Amino acid sequence: MTPALRIGATGFGLIAVCYGFARFAFGLFLPQIRSDLGLSPTLAGVISGGAFAAYCVAIIVSARCSERFGARVVAVAAAAVATAGLVGIAVCTSPGWLAVFVILAGTSTGLASPPLADAVSFAVAPARRDLTNTIINAGTSAGVALSGPFALGLGEQWRLVFMIFAATAAALGVASYLALPASGSKNGRIEGLGMPPLHANLLRLVAASFLMGAASTALWSFGGEIAQARLDWSTRLTGMLWIAIGAAGILGAAAGWLVARLGINTVHRLFLVALVASIGMTGLAFTTPTLTLIGGALFGAAYVMLTGVYLVWGTTTLPDRPGTGLMIGFLTIAVGQTAGAPLFGVLMSQLSLQTAVCVFAGLGLAPGLFWFRTVAH
């Protein structure tokens, strides 16, 4: 098995578990969890925002630790943290403990991404790196798509579902130990590296990814709530939305290929329009079951494609420190999500769902004001 295939397959699985199960499945099962534990929409938004905030801290720590201690150690730690958080969600009995374990589970996503980018840089041929990285990144969609059938079959038994997710996370920890290189850079473990200078290209990346992250919380954190409010869907039926989001998101694996042919800026703006259309189709008052599922599919493809764009943007700008390049873009996506989730909850509670959806759809266009400029090395 080639390094690209071995690392790509393992990374795809680890990202599927950490992002699809440990982070984004909370939004799918939120209506049933709210019913069982008595959460308000505002508190649900705060919990979601807390998970994104934990991600912010974790991805900074992860990029530094991957450079210092190697990719394998940090990837296995990500799987272990995901396992602990998912078990905690499954057994919690109060909103307070739920918040603790949702935040812990969300931490795993921040830990998982930088070591995988470093592993690709260390072991995969340069011509295959962007494709391998964006295939790994599309694991998010596989996890989201797989969580949908669990909601369809076991929607009311969310505790059992999260225990199954925990067991899967533990298995991916073993796979990561066996498949990933111990080191994470061509020169071995990097010592003494801090944050790179934030020149114009990175500053534009920060602005664009922050705004896209904020807009995306309309569906990642409140997709289940929106489907319930607009269509009176149960958690089981909302599982179909998650399947649509996840299945279409697999197309994001082509981000590296598409960027190579059309350029980062064209792909970026094209899929921002798709993101905005998806939020409107699923969240506005005129939606129907068919429009909601089409909108969900469009959202999944747009979100994973855009995160792939930001991944290539960061790793191209910092080719000698790919984990840090990825970290900058993904960190600011999460900062945007940290701000966006509570804001959406407040707008929905204090004004209306229609207002919240319109505001966040408009927000999704704003990243198009920022562009990537080719870096000379």
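Scroll up to find the structure this text is about.
This one's a predicted model, so the numbers in the text were calculated from it and none came from an experiment.

### Observations concerning the layout of surface pockets
Approximately 220 Å³ is the volume found for the largest pocket. Forming the boundary of the largest pocket are Ala117, Val120, Ser121, Pro126, Ala127, Arg129, Asp130, Asn133, Thr315, Thr316, Pro319 and Pro322. Secondary structure elements with two or more residues in the lining of the largest pocket: α5 (95-123), α6 (126-137) and α14 (289-317). For the lining of the largest pocket, the leading source of residues is α6, giving five residues.

### Side note on the side chain of Ser209
Relative to the helices and strands, Ser209 resides in helix α9 (residues 200-220). Side-chain polar atoms of Ser209 contact the backbone oxygen of Val206, separated by 3.4 Å. Among residues more than four places away in sequence, those in contact with Ser209 are Tyr310, Gly329, Thr332 and Ile333.

### Some thoughts on the packing of α14 against helix α15 (residues 322-350)
Orientation of α14 relative to α15, taken along the N-to-C sense of each, is 140 degrees, at an axis distance of 7 Å. The angle between α14 and α15 places the two elements in the oblique class. Like other packed secondary-structure pairs, α14 and α15 cross with a definite hand, here right-handed. Within the contact between the two elements, α14 uses Tyr303, Thr307, Tyr310, Leu311, Gly314 and Thr315 and α15 uses Pro322, Gly325, Leu326, Phe330, Ile333 and Gln337.

### Observations concerning the packing of aromatic side chains
Applying the stated criterion across every chain, the model contains twelve aromatic pairs. Between Phe29 and Phe162, the aromatic rings sit 5.7 Å apart at their centres with planes inclined by 65 degrees, giving edge-to-face as the arrangement. Of the two residues, Phe29 sits in helix α2 (residues 25-37) while Phe162 sits in helix α8 (residues 158-179), which places them 133 residues apart along the sequence. Per residue, the accessibility class of Phe29 equals that of Phe162, and both read buried.

### Some details on the nonpolar core
With 119 residues, the main nonpolar core has Phe29, Ile33, Leu98, Phe162, Tyr310 and Phe344 as its most contacted residues. Once residues within four sequence positions are removed from consideration, Tyr310 is found in contact with Leu205, Ala208, Ser209, Met212, His268, Leu272, Ile333 and Pro367.

### Considering the environment of Gly256
Its place among the elements puts Gly256 in helix α12 (residues 255-262). Each C-alpha atom, one on Gly256 and one on Leu311, is 9.2 Å from the other, the two residues being 55 residues apart in sequence. Beyond its immediate chain neighbours, meaning those up to four positions away, Gly256 contacts Asp130 and Thr134.

Rules of the game
- Residues numbered from 1 in each chain as written.
- Predicted model: local features only at pLDDT ≥ 70, side-chain atom pairs only at ≥ 80, totals over all residues.
- Heavy atoms only, no water.
- 1 Å grid on protein atoms, 1.4 Å probe; cavity = no way out; pocket = protein on both sides within 12 Å on 5 of 7 lines; lining within 4 Å.
- Points joined across faces, edges and corners; volume = space filled by probe spheres on them.
- Helix = DSSP H or I, 4+ residues; strand = E, 2+ residues; numbered from the N terminus.
- Polar contact = N/O pair within 3.5 Å; in protein donor to acceptor, adjacent residues only side chain to side chain.
- Contact = heavy atoms within 4.5 Å.
- Axes fitted to C-alpha atoms, helices over the stretch in contact; angles between N-to-C directions.
- Parallel < 35°, antiparallel > 145°, perpendicular 65-115°, else oblique.
- Left-handed = near helix turned anticlockwise from the far one by under 90°.
- Phe/Tyr/Trp six-rings, centres within 6.5 Å; stacked < 30°, edge-to-face > 60°.
- Buried < 20%, exposed > 50% of the residue type's maximum accessible area, 1.4 Å probe, protein only.
- Core = buried A, V, L, I, M, F, W, Y, C linked by side-chain atoms within 4.5 Å.

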